[in-house]
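# Structural overview for review
Single-letter residue listing:
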Amino acid sequence: MERPFIKNFRLSELEAWVESIGERRFRARQIFKNVYARQIASWDECSDLSKLFRVQLDFGTHLNALNLRERQESADGTLKYLFELHDGHSLETVLIPDPPRNTLCVSSQVGCAFGCTFCLTGTMGFKRNLNTAEIVDQVCQVRRDLGSRGHISNIVFMGMGEPLANYDAVINSIEVMTDPNGLAFSHRRITVSTAGLVPQLMKLGEQSPVNLAISLHASSDAVRNQIMPINRIYPLSSVMEACRCYPLAPRKRITFEYILIADLNDSIGDARNLVKLLSGMRAKVNLIPLNPHPRCTLRRPSEDRILAFQDVLRQADLTVIIRQSRGADISAACGQLAGRHHDS
Ligand code: SAH
Ligand code: SF4
């Protein structure tokens, strides 16, 4: 039998598993507390479990799913972690300090199948889905590394990969992240970002009250088709319809991300179209000036043009911020993550 990863289990699954090996059900809760609240580095530290059970856990399971290989710090304080997986693949996780918040940007896949032209992860192609343990362990390992220097306040699924294309593992990882015996985050502190997989988007709304971010990046199908191939499967109208039907809690809004790309989607006309597209919706807009990467020929607009675009949205009473990406000097900004494939 394969050694299971402890962090793959939701609490109910761990209860079933401990029973299957002849232990009492409540041991699962003890394991959760040791792994997530006490952040043990080895089963030896669990004095509340019998010696025999600790040996069983040591030889019969994997406590960690990731191996920290490298940690880089940007001039602006952003931290980028490179982790190695058990099969030799690698992934990156980014911590963005923005006092009083510390936002952790987690990956959900190695590579991505959707091939958006502006995104370095997209140029790698799809390697494989991460399992629940590999997603959860990104939070555990960064938390351990930070120690008393800070705590993670928010988690965003905006690292490598398309979270809704790895639906079950992402939902399970959110369950572990929000379990009071697990990582104990509030759903309000977790955001899933998607390029717009409509069926999974609707399912997410029914199943989890996390925050939703949509990578829009264009206000017409003609432009969106050029930069996001997924738009040919789920065109703008279907994404917007799913957003209109999305069950939002009172006072909550959907975040729409819009990368500004010079001479492609940054005109005043584009901004007016965006206003029309979002009219009547509980929306906020994040404008992200394009981050260049070595495989991208697109350019970011001038500062004037960015401000003019923002102005059109403001005048229409939309909540809009310009998100200056962080950590560009260590290739940690949005769209610059590629695991160990940077220079290949
Ligand atoms: N696949 C998901 C989540 C990962 S991408 C999605 O696409 O939403 C996270 C965010 O980074 C998305 O909004 C994505 O569009 C943005 N991004 C990708 N490449 C970028 C680049 N070169 N410059 C700025 N933002 C980028
Ligand atoms: Fe995939 Fe998102 Fe990058 Fe598009 S932007 S290639 S969906 S990770």
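Residues numbered from 1 in each chain as written. Chains lettered and ligands numbered in written order. Predicted model: local features only at pLDDT ≥ 70, side-chain atom pairs only at ≥ 80, totals over all residues. Heavy atoms only, no water.

### Examining a positive patch on the surface
How we decide: Residues enter a patch when their relative accessible area is above 30% and they make no salt bridge; the linking distance is 9 Å between like charges and 5 Å between nonpolar side chains (Val, Leu, Ile, Met, Phe, Trp, Tyr). Accessible surface area values rest on a Shrake-Rupley calculation with a 1.4 Å probe, where residue burial reflects the displayed protein chains alone. One side-chain nitrogen of Lys or Arg within 4 Å of one carboxyl oxygen of Asp or Glu is enough to make a salt bridge. Positive charges are assigned to Lys and Arg, negative charges to Asp and Glu, while His and the chain termini are left out of the count. To locate a charge, take NZ of a lysine, CZ of an arginine, CG of an aspartate or CD of a glutamate. Secondary structure is summarised from DSSP: a helix means a run of H or I of at least four residues, a strand means a run of E of at least two, and numbering begins at the N terminus for each.
A grouping of Arg-101, Arg-188, Arg-189, Arg-253 and Lys-284 is seen on the molecular surface, where their side chains present a positively charged patch. Within the secondary structure layout, Arg-189 lies in the loop between helix H6 (167-178) and strand E8 (190-194).

### Notes on the environment of Ile-230
So the rule is basically this: Any residue under 20% of the maximum accessible area for its type is buried, any over 50% is exposed, and the rest in between are partly exposed; the area is computed with a 1.4 Å probe on protein chains only. The contact criterion used throughout is that any non-hydrogen atoms of two residues lie within 4.5 Å.
Here Ile-230 shows up in the loop between helix H8 (221-227) and helix H9 (236-244). On the basis of relative accessibility, which here comes to 2%, the residue Ile-230 falls in the buried class. Sequence separation between Ile-230 and Gly-115 is 115 residues; the distance between their C-alpha atoms is 8.3 Å. When residues no more than four places from it in sequence are discounted, the contact partners of Ile-230 are Phe-114, Ala-195, Gly-196 and Leu-197.

### Considering the pattern of salt bridges
Applying the stated rule across the entire model yields 17 salt bridges. For Arg-69, the salt bridge goes to Glu-84, with nearest N and O atoms at 2.9 Å. One end of the pair, Arg-69, is in strand E1 (residues 67-73); the other, Glu-84, is in strand E2 (residues 79-84), with 15 residues separating them in the sequence. A salt bridge links Asp-145 to Arg-149; the nearest nitrogen and oxygen atoms lie 3.7 Å apart. Taking the relative accessible area as the measure of exposure, Asp-145 reaches 25% and is therefore partly exposed. Judged by its relative accessible area of 54%, Arg-149 falls in the exposed class. Three or more residues are tied together by salt bridges with common partners; here these are Glu-15, Glu-19, Arg-25 and Arg-29.

### Some words on the domain arrangement of the protein
Condition: Domain segmentation is taken from an automatic or database assignment of domains. Defined in terms of a 1.4 Å probe, buried area is the accessible area two parts forfeit on being brought together, summed over both. Within 3.5 Å is the distance limit for a polar contact, defined as a pair of N or O atoms, with the added protein rule that one can donate a hydrogen and the other accept it, and that residues adjacent in sequence qualify only through two side-chain atoms.
By the assigned domains, the protein splits into domain 1 (6-60) and domain 2 (66-343). Across the contact, 13 residues belong to domain 1 and 15 residues belong to domain 2. Both sides of the domain 1 and domain 2 interface together cover about 1,300 Å² of buried area, and 49% of this is carbon and sulfur. Interface area lost by domain 1 to domain 2 is led by Lys-7, Arg-10 and Tyr-36, which between them contribute 46%. For the interface between domain 1 and domain 2, the tally reads two salt bridges. Residue Glu-175 is joined to Arg-10 by a salt bridge in which the shortest nitrogen-to-oxygen separation is 3.5 Å. Across the contact surface, domain 1 and domain 2 share seven residue pairs in polar contact (both at pLDDT 80 or more). Secondary structure elements with two or more residues in the side of domain 1 that touches domain 2: helix H1 (11-20) and helix H2 (27-37). With four residues, H2 is the largest single contributor of residues to the side of domain 1 that touches domain 2.

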